[in-house]
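Survey of secondary and tertiary structure
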Amino acid sequence: MLALMALQGLRTVEVQRASVEDLRMESGLPATMIIRGKARDRVIYLRPDVSTMLTEYLKVRGTVTPDRSGLPLFTSVSNRAVGRRISRRASGK
C-alpha cells in the first residue's frame, strides 16, 4: 500500500478503491493497473519492484470478501471488518 502511494503516486481514495481485477500482470508484459480516481479512471505502468511486492502480498493475504466493486486489493484486519475492503479513515463502516 505504501509502495503504491509513495512510489506510484496514488492517493488514499485510489488505494481504497483498488480491486484485484484492476491489475494486469501477464508474463512477459509490463504490469499495469487501472486507477479509479475522483474524476476519472487512468492506467499506470507499475514499477517492477512494486509489481513484485503486490504479487507477494496477494500470495500471503487472507480470506477476502468481494463487494459490489469487485475483489478488494487491500482489506481490513479489524475485528468487525476482517476480510472486507479497507475504509479511507478506518471508521469501521
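Attention here is on the structure that accompanies the text.

The rules we used
Residues numbered from 1 in each chain as written. Predicted model: local features only at pLDDT ≥ 70, side-chain atom pairs only at ≥ 80, totals over all residues. Heavy atoms only, no water. Helix = DSSP H or I, 4+ residues; strand = E, 2+ residues; numbered from the N terminus. Buried < 20%, exposed > 50% of the residue type's maximum accessible area, 1.4 Å probe, protein only. Contact = heavy atoms within 4.5 Å. Expected span 1.5 Å × (residues − 1). Core = buried A, V, L, I, M, F, W, Y, C linked by side-chain atoms within 4.5 Å. Pairing = 2+ DSSP bridges. Phe/Tyr/Trp six-rings, centres within 6.5 Å; stacked < 30°, edge-to-face > 60°. Polar contact = N/O pair within 3.5 Å; in protein donor to acceptor, adjacent residues only side chain to side chain. Salt bridge = Lys/Arg side-chain N within 4 Å of Asp/Glu carboxyl O.

Of note, Thr75 is situated in the segment after α3 (48-60). With a relative accessible area of 18%, Thr75 lands in the buried category. Once you skip the residues sitting within four places of it in the chain, Thr75 turns out to touch Tyr57, Arg61, Val64, Gly83, Arg84, Arg85 and Ile86.

The next thing to look at is α3. Look at α3: 19 Å from first C-alpha to last across 13 residues, which is about the 18 Å you get at 1.5 Å a residue. Tucked inside the fold, the buried residues of α3 contact α1 (2-8) and β1 (23-24).

This paragraph deals with the nonpolar core. In terms of nonpolar packing, the biggest core is built from 16 residues, with Leu4, Met33, Leu46, Leu54, Leu73 and Phe74 touching the most fellow members. At the level of elements, α1, β2 (32-36) and α3 are the ones that each hand at least two residues to this core. Ignoring anything within four residues of it in the chain, the contact list for Phe74 reads Met1, Leu4, Val15, Leu54, Tyr57, Arg61, Arg84, Arg85 and Ile86.

All right, on to the sheet that holds β2 then. Strand order in the open sheet formed by three strands is β1-β2-β3, with antiparallel pairing between adjacent strands. This sheet does not close on itself; its edge strands, each paired only once, are β1 and β3 (41-45). In terms of strand pairing, β2 meets β3 through five bridges, oriented antiparallel. From the neighbouring strand, Arg36 faces β3, where its bridge partner is Asp41.

Turning our attention to the packing of aromatic side chains. Counting across every chain of the model gives one aromatic pair. With a centroid separation of 5.3 Å and an interplanar angle of 35°, the aromatic rings of Tyr57 and Phe74 are classed as tilted. Within this pair, whereas Tyr57 is found in helix α3, its partner Phe74 is found in the segment after α3, the two being separated by 17 residues in sequence.

A few words on the side chain of Arg85. If you trace the backbone, Arg85 turns up in the segment after α3. One polar contact links Arg85 to Ser19, side chain to side chain, over a distance of 3.1 Å. Among residues more than four places away in sequence, those in contact with Arg85 are Gln16, Arg17, Ala18, Ser19, Asp67, Ser69, Gly70, Leu71, Pro72, Phe74, Thr75 and Ser76.

Our next topic: the pattern of salt bridges. Proximity of charged atoms lets side chains of opposite charge pair with each other. One pass over the full model with this rule turns up seven salt bridges. Between Arg47 and Asp49 there is a salt bridge, with its nearest N and O atoms 2.8 Å apart. We classify Asp49 as partly exposed; its relative accessible area is 29%. Of the charged contacts, one joins Glu56 and Lys59 as a salt bridge, the two residues approaching to 3.5 Å between their closest N and O atoms. Residue Glu56 and its partner Lys59 are both found in helix α3; the two are separated by three residues, about one turn of the helix. Beyond isolated ion pairs, a larger network of salt bridges with shared partners links Arg11, Glu14 and Arg42.

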